[in-house]
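# Reading the structure
Given next are the chains, with one letter for each unit.
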Amino acid sequence: MRLSATLLTYVKVVVLVATVPAIVGFVIVLAERRIMGFMQARLGPNRVGPKGTLQGLADLVKLVTKEDLTPADAERKVHFLAPVLTVIPALTALAVIPFGPPVKVGRVSMPLWVADINIGLLFVLAVTSIGVYGLILGGWASNNKYSLLGGLRSAAQLVSYEVPMGLSLVSVLLMTRSLSLVEIVERQRDIHLWFVFPGLLAFFIYFVSGVAETNRNPFDLPEAESELVSGFNTEYSGVKFAFFFLGEYTGMIIISCVAVTVFFGGWLAPFPNVAALNFLDIVPPFGWFLVKVGFFLFCYIWFRSTFPRYRFDQLMGLGWKWLLPVALANILIVALAILATPGRTDGMVTLSWIFGGLFVLMFLLAKLRQRLARRDRLAASPHARAV
Amino acid sequence: MTSGPITEAEKDRARATAEAVRAASAPPPGEAPTLFSVQEMELNFGPQHPSTHGVLRIVLRVDGEKIIEAKPDIGYLHRGTEKLFETETYPMGIPHTDRMDYIAAATNNHAFCLAIEKLLGVEIPRRAQLIRVILDELQRLSSHLVWLGTSGIDLGAVTPFWYAFREREQILDFFEEYCGARLTLNCMRIGGLPFDLTPGWVERLMEFVDDLPDRIDDYEQLLTDNRIWKKRTVGIGVISAEECIEYGLTGPILRGSGVAWDLRRAQPYECYEELDFAVPTRPNGDTYDRYVVRVQEMRQCVRILTQCIERLEEGEIRGKVARVIKPPAQEVYASIESPKGELGFYCVSNGTNRPYRMHCRPPSFINLQALPRLAKGHLISDLVALIGTIDIVLGEVDR
């Protein structure tokens, strides 16, 4: 029995390591390019295979057959090591993500995670932060000033955004009292409340920091195409570049997975206690998980096609001067809400209503502001037909 | 030199050169560097760089990411255009002007023709004047659209680029239908225009122009009130009106600093005098204000285009010009408001069929002078924004 359990773990590792890059290459990249194409009034790749579905294969062939170039005077070993250092931690972190509840296969119940360790969340944070070494070393070893600047930017950025990210998760830990990702999901099932509601603020801080952690727009400064000419990966080509690419996208998957697990009830279907919505159970739990993760990946793409890029000092300012204090205050608020009603969840529910109300209010105010600005704009410059 | 394996002698030479360069740029012997001593870095920005909008090279001295000094190095696209003018007859010069500001060829043609027309004292028929203004304004729109898209990309906003280029494509379609070319138009002649408008052109243009205010609002919605966009542009590269004038800056940069100077208003040419349009200005002189000025100029273009289309009537498209153009010996300067600023041609004729000297006042070149001043003290990321806000075309800078 024990042997088979070990074997099963190995099988799961192999499946994970084999499927995630494939998903990245074939689904996410294609989806990103097609969705961005849609948002930007153009088509996106549609030539390779039906509707461009085989674009991933074409990209793979291109990257693998490209010349693998190491610049003269580069630190060859470090230059080689850097992309590896980005990918491996990213893939490792996936081990503790619960993709769904245990599945019954005959008499055996097979959990849909590789390992449920009692420090799961900490493990994810710890392992993903190793990935930054890949970027720093890659930038430094390339013997290129632009790459060096990119590497330094990523170092500063990742270190400063780890802090608010960790702190935002602390407020969730107050509610779960467990670091195990499986237990976090089970707790949300038991109290019929996704932590995104009492932890709305924490979620926003987490996701903003997460976007910054993965170097994506609007925080894509380390690669900043238009400033640093791809930054840390300027001097990388072929498979090594593909590894950086894979690392970045796997990072996105992890941030999304953790967001779903911690804040959005993991594999749980929404509103389990509303009888009218029972038909939602048709979708298997794993399906729910995928849908939710897909939504966050979509958000990444959405951000990319909407926002300009922050400047380096502004990025640091946002992290240290805004997200960090707000995250600390949030811990206090959540702690008070929990302490006010010990042993029950009333405090969390009340907090959910407050946060929800504030969110709706702010959303409406932002819309109003947008509307007014548009009106001013049109008033300031008369319409052509008004002449 | 022929290609082939690099010999040892060549390697030695290269090493010696590198050594010499290193020795020359080494800091003067003095204090030994400590852990906290600041080391400046020299960064070569361009000529192959996605944000220099061509082959501009800027040598930067940076402290971390902060710019201590920025030295533009130009000339990578120098083709001796001004000298070429001297070797060819007057009409043969027009296609060369296409290659100067290749984002806005029509305005170049216009300024060149205007100088020679001034030399000859030709009167331009009204229809030709109106069509010239239409072409100019379309060109201004397309130039501003290119500027909007590319400077958005410089700051990481990719989407406005595609919207702007969607409209620009349509404008290029109009040009193509008119003169057969999309970029290097060669669409004006001394004394008027080469062709009349094709049937239906004006109606289609009217439809397009009617649609434009909404499209411009699309771009504005993405950028104007965007918090990050404002953070990246407000207070970046501030230049006062006095400094602008000292540097000789013109166009949206000058107007962004609060000076309502527009040659279409100040020294009206063609039929601008009778057209009703505003000269947008902004007080602060930063990158954001220059952005707003350009966007509002696009809205004014729409107004001008509508009025021109309404006034369009049948008539001649070319004034009375001799087949062989031999202007009397004299010197003239004629300038127009190009999308980038004052574009002028200074022509010296000596009575032959070729100009004795043809000098161009290119707005991009003169506006680029301000870059070291604007960039000092800002970060590398801002430099990208500043190159974008000056709106240079290297074909015009180098000529």
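In this text, all values refer to a predicted model and were calculated from it rather than measured experimentally. (Residues numbered from 1 in each chain as written. Chains lettered and ligands numbered in written order. Predicted model: local features only at pLDDT ≥ 70, side-chain atom pairs only at ≥ 80, totals over all residues.)

### Describing the overall build of chain B
When helices and strands are tallied, chain B shows 16 helices and six strands. With the C-alpha coordinates aligned to their principal axes, the bounding extent of chain B is approximately 80 × 50 × 45 Å. Counting across all 399 residues of chain B, residues that qualify as buried make up 50%. Partitioning the contacts of chain B with sequence separation of at least 6, the portion at a separation of at least 24 is 69%. (Helix = DSSP H or I, 4+ residues; strand = E, 2+ residues; numbered from the N terminus. Buried ≥ 20, exposed ≤ 12 C-beta atoms within 10 Å, placed from the backbone. Contact = placed C-beta atoms within 7 Å.)

### Notes on unusual backbone geometry
Cis rather than trans, the peptide bond between A:N217 and A:P218 has omega equal to 0°. Topologically, A:P218 is positioned in the loop between α7 (200–213) and α8 (225–228). Of note, the phi angle at A:A41 is positive, near 55°, even though the residue is not glycine. Checked against the element boundaries, A:A41 lands in the loop between α1 (2–39) and α2 (55–65). Residue classification places A:A41 among the exposed positions, given that 12 C-beta atoms sit within 10 Å. The phi torsion at B:N186 lies on the positive side, around 50°, for a residue other than glycine. Relative to the helices and strands, B:N186 is located in the loop between α6 (159–179) and α7 (201–223).

### Quick word on the domain arrangement of chain A
All names here are of chain A. Per the domain assignment, the segments making up chain A are domain 1 (1–65) and domain 2 (68–380). Computed from C-alpha atoms alone, the centre-to-centre distance between domain 1 and domain 2 is 20 Å. Listed as interface residues are 17 residues of domain 1 and, on the opposing side, 17 residues of domain 2. Elements supplying a minimum of two residues to the side of domain 1 that touches domain 2: α1 and α2. In terms of residue count, α1 provides more of the side of domain 1 that touches domain 2 than any other element does, 14 residues in total. (Domains from an automatic or database assignment.)

### Re the interface of chain B and chain A
Facing the 38 residues of chain B at the interface are 30 residues of chain A. Of all the secondary-structure elements, those providing two or more residues to the side of chain B that touches chain A are β1 (41–45), α5 (126–154), α6, α7, α8 (227–233), α12 (287–311) and α15 (380–390) of chain B. In terms of residue count, the dominant contributor to the side of chain B that touches chain A is α12(B) (six residues). Classifying every residue of the side of chain B that touches chain A gives 17 nonpolar, 10 polar and 11 charged. (Nonpolar A, V, L, I, M, F, W, Y, C, P; charged D, E, K, R; others polar.)

### Here we look at helix α4 (residues 105–120) of chain B
Over its 16 residues, α4(B) extends 23 Å from the first C-alpha to the last, a length consistent with the 22 Å expected when each residue adds 1.5 Å. Downstream of α4(B) by one or two residues, B:G121 has phi in the positive range, about 70°. (Expected span 1.5 Å × (residues − 1).)

### Details of the sheet that holds β1(B)
Residue and element names in this part refer to chain B. With antiparallel pairing, the three strands of this open sheet are ordered in space as β1-β2-β3. Looking at the sheet topology across the chains shown, the edges are occupied by β1 and β3 (66–73). Taking the axes of each pair of neighbouring strands and ignoring which way they run, one obtains an average angle of 20° across the sheet. Direction of pairing for strand β2 (residues 57–63) relative to β3: antiparallel, over a ladder of seven bridges. By the bridge assignment for β3, R57 is matched with D73. (Pairing = 2+ DSSP bridges. Axes fitted to C-alpha atoms, helices over the stretch in contact; angles between N-to-C directions.)

### What to know about the packing of α7(A) against helix α9 (residues 238–263) of chain A
For any two helices packed against each other, the geometry is given by the interaxial angle and the distance between the axes. All names here are of chain A. The N-to-C vectors of α7 and α9 enclose an angle of 170°; their axes lie 9 Å apart at closest approach. With respect to their mutual orientation, α7 and α9 come out roughly antiparallel. Residues F203, Y206, F207, G210 and E213 of α7 form the contact with α9, whose participating residues are G251, I255, A259 and F263. For the contact of α7 with α9, the per-class residue count stands at six nonpolar, two polar and one charged. (Parallel < 35°, antiparallel > 145°, perpendicular 65-115°, else oblique.)

### Concerning the packing of α9(A) against helix α10 (residues 285–306) of chain A
Residues and elements named next belong to chain A. Packing of α9 against α10 brings their axes to within 9 Å, and their N-to-C directions diverge by 125°. In terms of orientation, α9 and α10 fall into the oblique class. Seen along the crossing, α9 lies across α10 with a hand that is right-handed. Contacts between α9 and α10 involve M252, I253, S256, C257, A259 and V260 from the first element and F289, K292, V293, F296, L297 and Y300 from the second. (Left-handed = near helix turned anticlockwise from the far one by under 90°.)

### Some details on the environment of B:D12
Looking at the element boundaries, B:D12 is found in helix α1 (residues 8–25). C-alpha separation for the pair B:D12 and B:P199, spaced 187 residues apart in sequence, amounts to 68 Å.

### Section: the nonpolar core
Counting residues in each nonpolar core, the largest one holds 202 residues, and the members touching the most others are A:I254, A:A259, B:A115, B:I116, B:L371 and B:L386. A total of 16 residues in this core trace back to one element, the largest contributor, which is α9(A). Discounting residues that sit within four places of it in the chain, B:L371 has contacts with B:A70, B:P72, B:L386, B:I387 and B:I390. (Core = buried A, V, L, I, M, F, W, Y, C linked by C-beta atoms within 7 Å.)

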